[in-house]
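Chain residues, written in single-letter form:
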Amino acid sequence: MLGPPGAGKGTQAERISISYSVPHISTGDIFRENLRQGTALGLKAKEYMDRGELVPDALVIDIVKDRLENPDCRDGFILDGFPRTVAQADALKGMLSEMGIYIDHVLNIQVPQDVVVKRLTARRTCGSCGSIYHLLYDPPRVEGVCDDCGGELYRRDDDSEETVLARLEEYAGKTQPLIEYYSREGLLWDIDGSAEPDEVFEEIRATVAG
Ligand code: AMP
């Protein structure tokens, strides 16, 4: 799944995961979980995440390789937030060809920059289950509490306006070239991410069923 931060990749990847019974693999979630557990990987990643920068390729590629070797990936998976650089995409190609797995679709979720900034600065995330809310458009029933699991909602450190702008720059410089990369391979599908989450998901379903 490609798209700028705040495009709704996490929300849609979660729906895909449930609907198609495939694991949702989010490199950002893996880093945040490592940070919660205080691992060396989590602490290293935090240095970059807090500045809105991408974590170095070598760190990311190894964790994805490990994760894809888990047997739950045998019948498919949805990758959210990986690859984010051409080097990562090349590494992914190598891993998948060794495993005899092929990418079916690359979904490019498109959202204008001003919408993304508004979404991210008002985003709240559940610390327990990862559910995502928006203070204005999709608030929780009880302030600060997750509707799904009762967990505590928090604002991601990297969702401040300043860091969001840095993340958008990283996206434009390092991740956007993947649009051309996957388009050349005939795998890219544009999805309008500015619609309501239900509508976006319908477009994804239609594309995947295509
Ligand atoms: P996300 O939750 O996908 O928005 O990712 C949050 C942050 O984790 C990003 O801003 C990066 O600092 C880091 N990150 C997640 N995935 C990657 C990746 N594939 N490559 C480099 N950094 C990543």
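Note: the structure precedes this text.
Residues numbered from 1 in each chain as written. Predicted model: local features only at pLDDT ≥ 70, side-chain atom pairs only at ≥ 80, totals over all residues. Heavy atoms only, no water.

### What about the overall build of the chain?
Phase 1 of the analysis: Of regular secondary structure, the chain possesses nine helices and seven strands.
Phase 2 of the analysis: If you line up the chain on its principal axes, its C-alpha atoms span 45 × 40 × 35 Å.
Phase 3 of the analysis: Counting across all 210 residues of the chain, residues that qualify as buried make up 44%.
Phase 4 of the analysis: Element-wise, carbon and sulfur atoms account for 50% of the exposed surface of the chain, whose accessible area totals about 11100 Å².
Phase 5 of the analysis: Taken as two groups, the 23 positive and 38 negative side-chain charges of the chain have centres that lie 2 Å from each other. (Helix = DSSP H or I, 4+ residues; strand = E, 2+ residues; numbered from the N terminus. Buried < 20%, exposed > 50% of the residue type's maximum accessible area, 1.4 Å probe, protein only. Areas by Shrake-Rupley, 256 points an atom, 1.4 Å probe, with all protein chains shown as cover. Lys, Arg positive; Asp, Glu negative; His and termini not counted. Charge placed at Lys NZ, Arg CZ, Asp CG, Glu CD.)

### Details of the pattern of salt bridges
Phase 1 of the analysis: Summed over the entire model, instances satisfying the criterion amount to 16 salt bridges.
Phase 2 of the analysis: Glu 170 is paired through a salt bridge with Lys 174; the nearest N and O atoms lie 3.2 Å apart. Taken together, the residues Glu 170 and Lys 174, both in helix 7 (residues 161–175) and four residues apart, mark about one turn of the helix.
Phase 3 of the analysis: With relative accessibility at 40%, the residue Lys 174 sits in the partly exposed group. (Salt bridge = Lys/Arg side-chain N within 4 Å of Asp/Glu carboxyl O.)

### Some remarks on the site of the ligand
Phase 1 of the analysis: Taken together, 16 residues are adjacent to the ligand, and Thr 27, Arg 32, Glu 53, Gly 81 and Arg 84 come closest.
Phase 2 of the analysis: Within the backbone of Gly 81, an N or O atom sits 2.8 Å from a nitrogen atom of the ligand.
Phase 3 of the analysis: The contact in question runs from an oxygen atom of the ligand to an N or O atom on the side chain of Arg 156, over 3.1 Å.
Phase 4 of the analysis: Here the ligand has 480 Å² of accessible area as a free molecule, and 96% of this is covered by the chains.
Phase 5 of the analysis: The leading source of residues in the shell around the ligand is helix 2 (residues 27–36), at four residues.
Phase 6 of the analysis: Here the shell around the ligand is composed, by residue class, of six nonpolar, four polar and six charged. (Near = heavy atom within 4 Å. Polar contact = N/O pair within 3.5 Å; in protein donor to acceptor, adjacent residues only side chain to side chain. Nonpolar A, V, L, I, M, F, W, Y, C, P; charged D, E, K, R; others polar.)

### Focus on a negative patch on the surface
Phase 1 of the analysis: Together, Asp 138, Asp 192, Glu 196 and Glu 199 make up a negatively charged patch on the protein surface.
Phase 2 of the analysis: Inspection of the secondary structure puts Asp 192 in strand 7 (residues 188–192).
Phase 3 of the analysis: For Asp 192, a relative accessible area of 39% translates into the label partly exposed. (Patch = residues over 30% accessible without salt bridge, like charges linked within 9 Å, V, L, I, M, F, W, Y side chains within 5 Å.)

### Here's the deal with the sheet that holds strand 6 (residues 153–154)
Phase 1 of the analysis: Ordered in space as 5-4-6, the three strands form an open sheet in which the pairing is antiparallel. The two strands at the open ends of the sheet, each matched to only one other strand, are strand 5 (132–134) and strand 6.
Phase 2 of the analysis: Bridge count for strand 4 (residues 123–126) against strand 6 is two bridges, and the pairing is antiparallel. Paired with Cys 126 across the strands is Leu 153, a residue of strand 6. (Pairing = 2+ DSSP bridges.)

### So, unusual backbone geometry
Phase 1 of the analysis: Residue Phe 82 is joined to Pro 83 through a cis peptide bond whose omega torsion reads 0 degrees.
Phase 2 of the analysis: Note that Pro 83 resides in the loop between strand 2 (78–80) and helix 5 (86–99).
Phase 3 of the analysis: Despite not being glycine, Ser 21 has its phi angle at roughly 50 degrees, a positive value.
Phase 4 of the analysis: Structurally, Ser 21 can be placed in the loop between helix 1 (9–20) and strand 1 (24–26).
Phase 5 of the analysis: Among the residues examined, Ser 21 registers a relative accessible area of 65% and is labelled exposed.

### Section: the packing of aromatic side chains
One pair of aromatic rings is described through two measures. These are the centre distance and the angle between the planes.
Phase 1 of the analysis: Counting across every chain of the model gives one aromatic pair.
Phase 2 of the analysis: The interplanar angle of 70 degrees and the centroid separation of 4.9 Å between the aromatic rings of Tyr 181 and Tyr 182 together place this pair among those described as edge-to-face. In this pair, the class of Tyr 181 matches that of Tyr 182, namely buried.
Phase 3 of the analysis: Positioned over the ring face of Tyr 48 is Arg 51, at 5.4 Å from the centre of the ring. (Phe/Tyr/Trp six-rings, centres within 6.5 Å; stacked < 30°, edge-to-face > 60°. Lys NZ or Arg CZ within 6 Å of the ring centre and 35° of its normal.)

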